[in-house]
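Structural features, examined
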Amino acid sequence: MVDLNEQTPAQLLMRDMGLTERDIARRRHIVGLEERDLTRIASLNELMASHVDEYTTAFFDYLTGLDEGRLALQNTAIAHRARQLKRGHLLAMVQTDYDVDYVAQRLELAMLYSRAGLELRVFLAAFHRLLKVIGDGIMSRFEANPSEGFETFMSLKKVAFFDIGVIVDAIVFERERVIRQQQDAIRELSTPVLQIRERLLLLPIVGVIDTHRARMITESLLRSIRASRAKVVVMDITGVATIDSRVANHLIQTVTAARLMGASVIVTGLSAEVAQSLVALGIDLTKLNTIGDLQGGLEEAERLLGQRLVTVEERGRSSASVEA
Amino acid sequence: MPREVSVPIERELDIVAARQAGRELASALGFSTTDQTLLATAISEVARNIVNYAGSGNVLVARVDDESGRIGIVVIASDRGPGIADVDQAMRDGYSTGNSLGVGLPGARRLVDDFHLASAPGQGTTVTLKKWLR
Amino acid sequence: MDVPILKQGDVLIASIQAALSDQDLIALRDSLASRIGRFRSRGVIIDLMALDVLDSFATRMIRDIAYTARLRGAITVVVGIQPEVAFAMVQLGLSLEGIATALDLEEGLAHLSGRERKRAARS
């Protein structure tokens, strides 16, 4: 019985990966698992029960026999847990019940491997070793009927590949999740919003602005407006590489969004030439409050905030000075 | 968490139900709160069109996976209403024209990644929206 | 659903808690109109902090309310639009042009009293 409010990490991963009952059934179909496979596999119960520790050891010995594997499993707690899980897996492998719970078990181990940084090629090699050892066990058990033994082994291999499919997909999914998070972090760093005094934010935009970056900048600005309760934003675009109509529209959108949150935006660094060409392209710049340079923009901002005008000499002494 | 949710749209309350369903699925799939809001807003636009112009219809929200492994959400808003006579015109920006059919469509398109509109007079309308996880 | 309208001095405050229907918004508009007249209110604050979506319909209705309020001599300030909602609105192409906005209720009230001070200083 699953309590929807308290899902285990493996269950959450399953949900994120879209591993529903339907998807799992599909995976069984993809490896070609059929009724007669299940019958054959069931006959391996006794063999597995009596050899499970030997097989588990074979897997981990191979793994730790490789430098990469040993490194990954050097944490004894992780190694111990992995062994426990693997042992359970082997027993479950011949229970012929390859459903949601079975998959959740495998995901738990996959998450462990992911955390330990176990490389897929190492995992696959050890898995292959494991299959060899089990195969040998099956063939000696079926000595009197080798072709039946072979068929039984092939049936079990379908389950093995079902397992590999799940585990590999999970490891890859987790890896991609990490990459996405890192990309987000990098984007955060490249769109800094600076609070230069109370209620006043400075947003220096530098470089190339594509749709995606414009969006990151806007999101970042809006959150900052809320966090710092900013009433005025000075958006300096001196460092923007190319300002064409697309970029201009992005900037106007940013300004409009900030306005919806009660913050007025002063745009500085828009040269007269660029402004002219934008107007010629039909961009309505009247929505923007533009001031030539950053210094002028900051003075205008302070005026809007009702603060007294600070002269250049005084600015040099103030703690919140900004490079013009 | 279900892979798809179907919300019949008959009255205004259903619009909220449809956008909640969209938001929940988007959240479960890992979409950022901003993307969740974009999706919910797009659903609000198309669902409202159903209420205002078709009377009744349906909004289906489901997870999609494409060949390259991208995860996304698809919203299919369908109705058996009068249909849009001039699709091109409906897709042109015109917010000042308050009561024209499909006024929210060009905007809704900007909120999502993939947009498809199928409509003909007397044959109802189906709007398909897709948003992909970044 | 009835939107509660609070009175603070000569400002009326309407906090919208959940998505409102056509009828609800019309009722709100009429309710504000009559109260503005009754109390001679100078300002109206529409607080949207609890809304997670603001679509073109809702935006139109808010403009409608602001327009009606102005006809009755009151200034409307829309407050509480959240970052994600503001972002979605501009993507959709919506703006509340011509309508004052502020971060939240506190700022909205400050905006209105600031206007009052300026107006008093001028006269």
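When helices and strands are tallied, chain B shows four helices and five strands. Relative to its 134 residues, chain B shows a buried fraction of 43%. In chain B, once contacts between residues fewer than 6 apart in sequence are set aside, the share between residues at least 24 apart is 62%.

Now for the overall build of chain C. Tallying secondary structure elements over chain C gives four helices and five strands in all. When the helices and strands of chain C are placed in sequence order, the string is β-β-α-β-α-β-α-β-α. A total of 123 residues make up chain C; the buried ones form 46% of that total. Taking contacts inside chain C between residues at least 6 apart in sequence as the whole, the part at least 24 apart equals 74%.

The accessible area lost on association of the parts is a frequent measure of interface size. Taken together, the contact pairs eight residues of chain B with six residues of chain A. Considering only residue class, the side of chain B that touches chain A consists of two nonpolar, two polar and four charged.

All names here are of chain B. Pairing is antiparallel in the open sheet, where five strands are placed in the order 1-2-3-5-4. Looking at the sheet topology across the chains shown, the edges are occupied by strand 1 (4-9) and strand 4 (114-119). On average, each strand axis in the sheet is tilted by 15° relative to the strand beside it, whichever way the strands run. Of the strands in this sheet, strand 1, strand 2 (57-65) and strand 3 (71-79) are in contact with helix 1 (residues 12-29), which crosses strand 1 at around 170°. Strand contacts of helix 2 (residues 33-54): strand 1, strand 2, strand 3 and strand 5 (125-132), with the helix running at about 10° to strand 3, the strand carrying the most contacts.

Attention now moves to the pairing of strand 4 (residues 264-268) of chain A. The side chains of a regular strand alternate, residue by residue, between the two faces of the sheet. Residues and elements named next belong to chain A. Of all the five residues making up strand 4, four are buried; the element is thus mostly covered by neighbouring parts of the structure. Relative to strand 4, strand 3 (residues 232-240) is paired through five bridges, and the arrangement is parallel. Following the sheet pairing, Val234 is matched in strand 4 by Ile266. Between strand 3 and its parallel partner strand 4, the chain crosses via helix 11 (residues 245-260), and the hand of that crossover is right-handed. A crossover links strand 4 with its parallel partner strand 5 (residues 289-291), the connecting element being helix 12 (residues 272-280), and its sense is right-handed.

Okay, helix 3 (residues 35-42) of chain A next. All names here are of chain A. Within the span of helix 3, buried status applies to Asp37, Arg40 and Ile41. Buried residues in helix 3, looked at end-on, bunch into an arc of 100°, giving them a common side. In helix 3, the exposed positions that point more than 90 degrees away from the buried face belong to Glu35, Arg36 and Thr39.

Right, let's talk about the pairing of strand 4 of chain B for a bit. Residue and element names in this part refer to chain B. Across six bridges, the pairing between strand 4 and strand 5 is antiparallel. Counted as the bridge partner of Phe115 is Leu129 from strand 5. What sits between strand 4 and strand 5 in their antiparallel hairpin is a turn of five residues, with Gly122 showing a positive phi close to 80°.

Turning next to the interface of chain C and chain B. Facing the 16 residues of chain C at the interface are 20 residues of chain B. Broken down by secondary-structure element, the contributors of at least two residues to the side of chain C that touches chain B are helix 2 (56-71) and helix 3 (83-92) of chain C. It is helix 3 of chain C that provides the largest number of residues to the side of chain C that touches chain B, a total of six residues. Of the residues that constitute the side of chain C that touches chain B, the class distribution is seven nonpolar, four polar and five charged.

In this section: the nonpolar core. With 109 residues, the main nonpolar core has Val233 and Ala258 of chain A, Ala47 of chain B together with Ala86 of chain C as its most contacted residues. The dominant element in this core, judged by the number of residues it contributes, is helix 2 of chain B, at nine residues. Among all residues touching Ala86 of chain C, those that are not within four sequence positions of it are Leu222, Ala257, Leu260 and Met261 of chain A together with Ile81 of chain C. Counting residues in each nonpolar core, the second largest holds 36 residues, with Met48, Tyr98, Phe153 and Phe162 of chain A among its members.

Turning our eyes to something else, we now look at the confidence of the model for chain C. Mean pLDDT over chain C stands at 91; residues scoring 70 or higher make up 98%. Interface predicted TM-score (ipTM) for the complex: 0.94; the corresponding pTM is 0.68.

Once that is clear, we can look at the environment of Thr59 of chain C. Residues and elements named next belong to chain C. Here Thr59 is to be found in helix 2. Sequence separation of Thr59 and Leu96 is 37 residues, and the distance between their C-alpha atoms is 7.5 Å. When sequence neighbours within four positions are dropped, the list of residues in contact with Thr59 reads Leu54, Met89, Leu94 and Leu96.

Before going further, it helps to examine the sheet that holds strand 3 of chain A. As a general point, the strands of a sheet are linked pairwise by backbone hydrogen bonds and lie either parallel or antiparallel. Residue and element names in this part refer to chain A. Taken together, five strands build an open sheet; the order of strands is 1-2-3-4-5 and the sheet is mixed. Edge positions in the sheet fall to strand 1 (194-197) and strand 5, since each has one partner strand and no second. Taking each pair of neighbouring strands and ignoring which way they run, the sheet shows an average axis angle of 30°. Bridge count for strand 4 against strand 5 is three bridges, and the pairing is parallel. Opposite Val267, over in strand 5, you have Thr290 as the bridge partner. On the sheet, helix 10 (residues 211-228) packs against strand 1, strand 2 (200-207) and strand 3 and is oriented at approximately 165° with respect to strand 2. Running at roughly 150° to strand 4, helix 11 makes contact with strand 3 and strand 4 of the sheet.

Another point: the environment of Ala21 of chain B. All names here are of chain B. Relative to the helices and strands, Ala21 is located in helix 1. For Ala21, a count of 21 C-beta atoms within 10 Å puts it in the buried group. It is 8.1 Å that separates the C-alpha atoms of Ala21 and Val7, two residues lying 14 residues apart in sequence.

Right, let's talk about the confidence of the model for chain B for a bit. This prediction gives chain B a mean pLDDT of 87; 90% of its residues lie at or above 70. Contacts from residues 95-103 of chain B, a stretch scored under 50 in pLDDT, to residues over four places away or in other chains number 14 contacts.

Turning next to unusual backbone geometry. All names here are of chain A. Of note, Thr96 is a non-glycine position whose phi angle comes to about 60°, a positive value. One can find Thr96 in the loop between helix 6 (76-93) and helix 7 (100-116). Phi at Arg199 is positive, roughly 70°, even though this residue is not glycine. Within the secondary structure, Arg199 is located in the loop between strand 1 and strand 2. Judged by the 20 C-beta atoms lying within 10 Å of it, Arg199 is buried.

Residues and elements named next belong to chain C. Contact pair helix 1 (residues 22-39) / helix 2: the axes reach a minimum separation of 9 Å and the direction vectors enclose 15°. When the axes of helix 1 and helix 2 are compared, the pair comes out roughly parallel. With respect to the hand of their crossing, helix 1 and helix 2 are arranged in right-handed fashion. Residue-level contacts link Leu25, Leu28, Arg29, Leu32, Ala33 and Ile36 of helix 1 to Met61, Asp64, Ile65, Thr68 and Ala69 of helix 2. Each residue belonging to the contact of helix 1 with helix 2 can be placed in one class, and the counts come to eight nonpolar, one polar and two charged.

Reading the values: rules and limits
- Residues numbered from 1 in each chain as written.
- Chains lettered and ligands numbered in written order.
- Predicted model: local features only at pLDDT ≥ 70, side-chain atom pairs only at ≥ 80, totals over all residues.
- Helix = DSSP H or I, 4+ residues; strand = E, 2+ residues; numbered from the N terminus.
- Buried ≥ 20, exposed ≤ 12 C-beta atoms within 10 Å, placed from the backbone.
- Contact = placed C-beta atoms within 7 Å.
- Nonpolar A, V, L, I, M, F, W, Y, C, P; charged D, E, K, R; others polar.
- Pairing = 2+ DSSP bridges.
- Axes fitted to C-alpha atoms, helices over the stretch in contact; angles between N-to-C directions.
- Right-handed = clockwise from strand over helix to strand, strands pointing away.
- Arc of directions from axis to C-beta.
- Core = buried A, V, L, I, M, F, W, Y, C linked by C-beta atoms within 7 Å.
- pLDDT = per-residue confidence, 0-100.
- Parallel < 35°, antiparallel > 145°, perpendicular 65-115°, else oblique.
- Left-handed = near helix turned anticlockwise from the far one by under 90°.

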